[in-house]
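These are the residues of each chain, in order.
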Amino acid sequence: MSHKLRYLVVSLLSMMLVLSPLTAMRGVRASVVTRNSPPPQQVAAHKARTLLMRVAPDQMKHAESLLNNIASSHKLLRGQDSLLEVTLKEELDPATTLSNLRHLDNVIEWAEPNYLVRRAGLRSSRDAARTRPRRARETAASASVIALLDTGVDADHRDLRGATLGEEGWNFVAGNDDTADDNGHGTQVAGIIAREGGLRILPLKTLDETGTGTIAEAVEAIDYAIARQVAVINSSFGTPAYSRALREAIARAETAGIVVVAAAGNGGASLDDAPFYPASYRLPNLIS
C-alpha cells in the first residue's frame, strides 16, 4: 500500500462516524448460518420477510422449484450468479422457513435474513467539513480510487466541488445513478478523503436518508467497486449480526487486491465481547 493510501486509512479509522446497533426484530430467533460459519452472536434488525441465500453449484434449476413454493419474488444480486434476494410469501413464517432451509444445503448452501446496516448520528451536512481541504495535486490519470459506501456525496459542497469525484457512481437504494447525499454522513467521510490530494472518490450510495441500508445493497456495492478495480473500499456502517453474504463479498475484494476499511463501532465495547460486522470478520484485507 502506498504512503498516500496508508495516510488515508489512518485518517478514516480515526475520524469516521459509525453506526449503533439496531434493535432485534421479533420472529427470527437466530441467524441462520451453516457450513464454515461461526455461531451467531446477536440477532439484528432485517428487511421484513426478505432472505439472502446462496444456491449450491449446478443447483439453480432445483432452487427455482423451491422458490416457486416459498417466494413472492426473487432476484439475483447484481454481479452474482447464485446469490439471491428472496421475498417470502405472506403466509410463510420467516423463522420456520429459515429453519427448514438449513436442512437443504444440497441445494441452498446457506440462507440468512437480509440484515440492516446503519451509520451513527452526524452533524448536518452544512457542517460536514469545516476545514477546507487541500486541493488535489496534479496526478496521473491512474490516481487511486476510493469507493465510498455511504449515504452518497454532496458534489456541490464547497470543500468537494470539482476536486474529488472520480467518476459517476451508483445509488443501490433507489436503483439509479443519483448519488446525492440526503443525510450528510457520506459527505463528511468524503471530506476526510478529499484532504489527501490525488485520491478520487467513487460514490456508492448504500444507505438511505436515515442512514440505513441492507446487506444486499452493501454486497452489490462491493461487487460494483471490485468490477471498477478501486484501491480501497470504505464502509463506515455495520450490524451486530454475522452475515455470510457480506463476508463473502469482502473476501472477493481480497482476491482482487482491494483493501476494505470497516468501522469498528462507537459503543465502547471490545469486538471480542460484542462482534460488529464487517469489522469483526477476520480477513487479511480488512482493516477495522
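Quick note: structure is the one above.
The text that follows walks through the structure, step by step, so that each part is easy to find. (Residues numbered from 1 in each chain as written. Predicted model: local features only at pLDDT ≥ 70, side-chain atom pairs only at ≥ 80, totals over all residues. Heavy atoms only, no water.)

## Overview of the overall build of the protein chain
Across its full length, the protein chain carries six helices and 11 strands. Per element, the accessible surface of the protein chain, about 13000 Å² overall, is 47% carbon and sulfur. (Helix = DSSP H or I, 4+ residues; strand = E, 2+ residues; numbered from the N terminus. Areas by Shrake-Rupley, 256 points an atom, 1.4 Å probe, with all protein chains shown as cover.)

## Some points on the nonpolar core
If you look at the biggest cluster of nonpolar residues, it comprises 41 residues, and the most contacted ones within it are L204 and I233. Of all elements in the fold, only β4 (108–118), β5 (145–150), β7 (200–205), α5 (215–227), α6 (244–255) and β10 (259–262) reach the threshold of two or more residues within this core. It is α5 that contributes the most residues to this core, nine residues altogether. Apart from the residues lying within four places of it in its own chain, the contact partners of L204 are A147, L148, L149, D150, G169, W170, F172, A221, Y224 and A225. Judged by nonpolar contacts, the second largest core, of 16 residues, contains M53, V86, L98 and I108. (Core = buried A, V, L, I, M, F, W, Y, C linked by side-chain atoms within 4.5 Å. Buried < 20%, exposed > 50% of the residue type's maximum accessible area, 1.4 Å probe, protein only. Contact = heavy atoms within 4.5 Å.)

## Some details on helix α2 (residues 60–70)
For α2, every residue scored as buried is listed here: A63, L66, L67 and I70. For α2, the buried positions fall inside an angular range of 105° around the axis, keeping them on one side. With respect to the buried face of α2, the exposed residues turned more than 90 degrees away are K61, N68 and N69. Tucked into the core, α2 has its buried residues touching β1 (46–55), β2 (71–76), β3 (83–88), α3 (94–101) and β4. (Arc of directions from axis to C-beta.)

## Considering the packing of aromatic side chains
One pass over the full model with this rule turns up four aromatic pairs. Residues F172 and Y224 carry aromatic rings whose centres are separated by 5.5 Å and whose planes lie at 85° to one another, so their mutual orientation is edge-to-face. Note that F172 is positioned in the loop between β6 (170–171) and α4 (185–194) and Y224 in helix α5, a separation of 52 residues in sequence. For the pair formed by F172 and Y224, the shared burial category is buried. By way of ring pairs, the aromatic residues Y242, Y277 and Y281 are connected into one cluster. R78 extends its terminal NZ or CZ atom over the ring of W170, reaching a point 5.0 Å from the ring centre. Here the guanidinium or amino end of R228 rests over the ring plane of Y224, the centre of that ring lying 3.6 Å away. (Phe/Tyr/Trp six-rings, centres within 6.5 Å; stacked < 30°, edge-to-face > 60°. Lys NZ or Arg CZ within 6 Å of the ring centre and 35° of its normal.)

## Some remarks on the pairing of β5
When you tally the buried positions in β5, you get six out of six residues, the bulk of the element. Of the two faces of β5, the one carrying V145, A147 and L149 and the one carrying I146, L148 and D150 are both buried. One ladder, built from six bridges, connects β5 with β7; its direction is parallel. Across the sheet, residue I146 finds its bridge partner in β7, namely I201. Judged from the four bridges that link them, β5 and strand β9 (residues 232–235) form a sheet pairing that is parallel. The residue bridging L149 from the neighbouring strand is S235, located in β9. (Pairing = 2+ DSSP bridges.)

## A few points about the environment of V259
Position of V259 among the secondary structure elements: in strand β10. On the accessibility criterion, V259 (17% relative accessible area) is buried. In this structure, the C-alpha to C-alpha distance between V259 and A231, residues 28 residues apart in sequence, is 6.6 Å.

## Side note on the pattern of salt bridges
Any two side chains of opposite charge can pair, so long as their charged atoms come close to each other. Tallying each qualifying case throughout the model produces eight salt bridges. A salt bridge links E85 to K47; its shortest N-O distance comes to 3.6 Å. Here K47 lies in strand β1 and E85 lies in strand β3, a separation of 38 residues in the sequence. Note on E85: relative accessible area 11%, which makes it buried. On the accessibility criterion, K47 (38% relative accessible area) is partly exposed. Of the charged contacts, one joins R49 and E90 as a salt bridge, the two residues approaching to 3.9 Å between their closest N and O atoms. Placement of the pair is R49 in strand β1 and E90 in the loop between β3 and α3, with a sequence separation of 41 residues. Counted as one network, the salt bridges with shared partners bring together K47, K75 and E85. (Salt bridge = Lys/Arg side-chain N within 4 Å of Asp/Glu carboxyl O.)

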